[in-house]
Amino acid sequence: MASLRTDGVTVVFGGNRALDEAGFEAEAGRITGLIGPNGAGKSTLFDVVSGLRRPQSGTVTLDGHDITRATPAQRARRGMARTFQRLELFGRLTVRDNLLVAAELGARGRNSARTADGILQRIGLTADADTAADALPTGAARLLEVGRALAGRPRVLLLDEPAAGQDADETRRFAALLRDVAAEGCAVVLVEHDMGLVMSVCDQVYVLDLGRIVACGPPADIQQDQTVLAAYLGEA
C-alpha cells in the first residue's frame, strides 16, 4: 500500500484551476519526484498534502486513512514533515539550536541533544553548529531545513525545491542523503527544478502541467516522453 496518495485533487482560485483532479502516490522506501514548469501547481499540491490548503474536491490518504480534513499538526503527528520553497528557519538561533528545537518537539522519549547532534553530522554541518542560521549560505541553509524536518523522524518527507542554491558538491551529498533516508523506509516526495538531481535519485516521477498530471513513470521513460517535452518546451 502506498504511504501517501492523492486522488482527484482539485483547487480553484477564482476561475483558474490550479489543480485539476491531480493524483499521485508516494511509497515507503522510495523517492517520488514531482516536476513541471513554473505555475504547474506543484507547491499548491504540496499545500494540499500538508494540510495548508483544503481542496474543492479530491482526497489525501496516508497509509489508507483519509486525512483530507486533518490539520497540519495532525498530519505531523502521523509522521509527515515538509520543507518550503521559501526558507523557514529560526534565523537568530544557531544551526544546532534549530535542530534541537525540532528534536524536542518530536522527542517521543528520545534524547533530543543526541538526535540534534546526529542530524548535524548527517547533513554535514557539524563545523557550523554554533553559526547563526541566517549567516549560512543558501545551500547550507537548505540542508539545515531538511535536517530540521528529519529531526522528527518522519515517515513521509515533502521537499519543496531543497537543492536551490546548492553547489555541485552540496547537491551530490544531498542526493546521497535522500537515498539514505528512503532506504530507512521513509516516503520521500521531491519537488525540484534540478533535473539532474531528480533523474538521478527518483524511483518514480510525476509531471504536472496546468494543474494536471500529464505523465508518470521511471526517470528514463519521463526523459523520452513527448508530452513532457511539450509541457517544458511549449511544443504542440
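These numbers come from a predicted model, not from an experiment.

What counts as what
Residues numbered from 1 in each chain as written. Predicted model: local features only at pLDDT ≥ 70, side-chain atom pairs only at ≥ 80, totals over all residues. Heavy atoms only, no water. Helix = DSSP H or I, 4+ residues; strand = E, 2+ residues; numbered from the N terminus. Buried < 20%, exposed > 50% of the residue type's maximum accessible area, 1.4 Å probe, protein only. Contact = heavy atoms within 4.5 Å. Polar contact = N/O pair within 3.5 Å; in protein donor to acceptor, adjacent residues only side chain to side chain. Disulfide = S-S within 2.5 Å. Pairing = 2+ DSSP bridges. Axes fitted to C-alpha atoms, helices over the stretch in contact; angles between N-to-C directions.

K.L.:
Explain the overall build of the protein here, please?
P.N.:
Looking only at helices and strands, the protein has nine helices and ten strands in total. Each of the three principal axes of the protein carries a C-alpha extent, and together these read 50 × 40 × 35 Å. Relative to its 236 residues, the protein shows a buried fraction of 50%. Within the protein, counting contacts between residues at least 6 apart in sequence, those at least 24 apart form 67% of the total.

K.L.:
Looking at this structure, how should I read the side chain of Gln166?
P.N.:
Tracing the sequence through the fold places Gln166 in the loop between strand E7 (156–160) and helix H6 (168–183). On the accessibility criterion, Gln166 (12% relative accessible area) is buried. Here Pro162 takes part through its backbone oxygen, which lies 3.3 Å from a polar atom of the side chain of Gln166. For Gln166, the contacting residues outside a window of four places in its chain are Gly139, Arg142, Leu143, Thr171 and Phe174.

K.L.:
Quick question: what am I supposed to make of the state of the cysteines here?
P.N.:
Throughout this description, disulfide means a covalent bond between two cysteine sulfur atoms. Applying the stated criterion across every chain yields a total of zero disulfides. Summary of cysteine pairing: Cys202 is not part of a disulfide, and the nearest cysteine sulfur, belonging to Cys216, is at 13 Å.

K.L.:
Looking at this structure, I do not really get the sheet that holds strand E2 (residues 16–26). What am I missing?
P.N.:
As a general point, the strands of a sheet are linked pairwise by backbone hydrogen bonds and lie either parallel or antiparallel. One open sheet holds the four strands; their spatial order is E2-E1-E4-E5, and the pairing between them is antiparallel. Each edge of the open sheet is held by one strand with a lone partner, namely E2 and strand E5 (65–66). The sheet contact formed by strand E4 (residues 57–62) and E5 spans two bridges and is antiparallel. Note on E5: the bridge partner recorded for Leu62 is His65. Docked against the sheet, helix H1 (residues 42–50) engages strand E1 (4–13), E2 and E4, running at close to 120 degrees with respect to E1.

Honestly, it's all geometry; don't read function into it.
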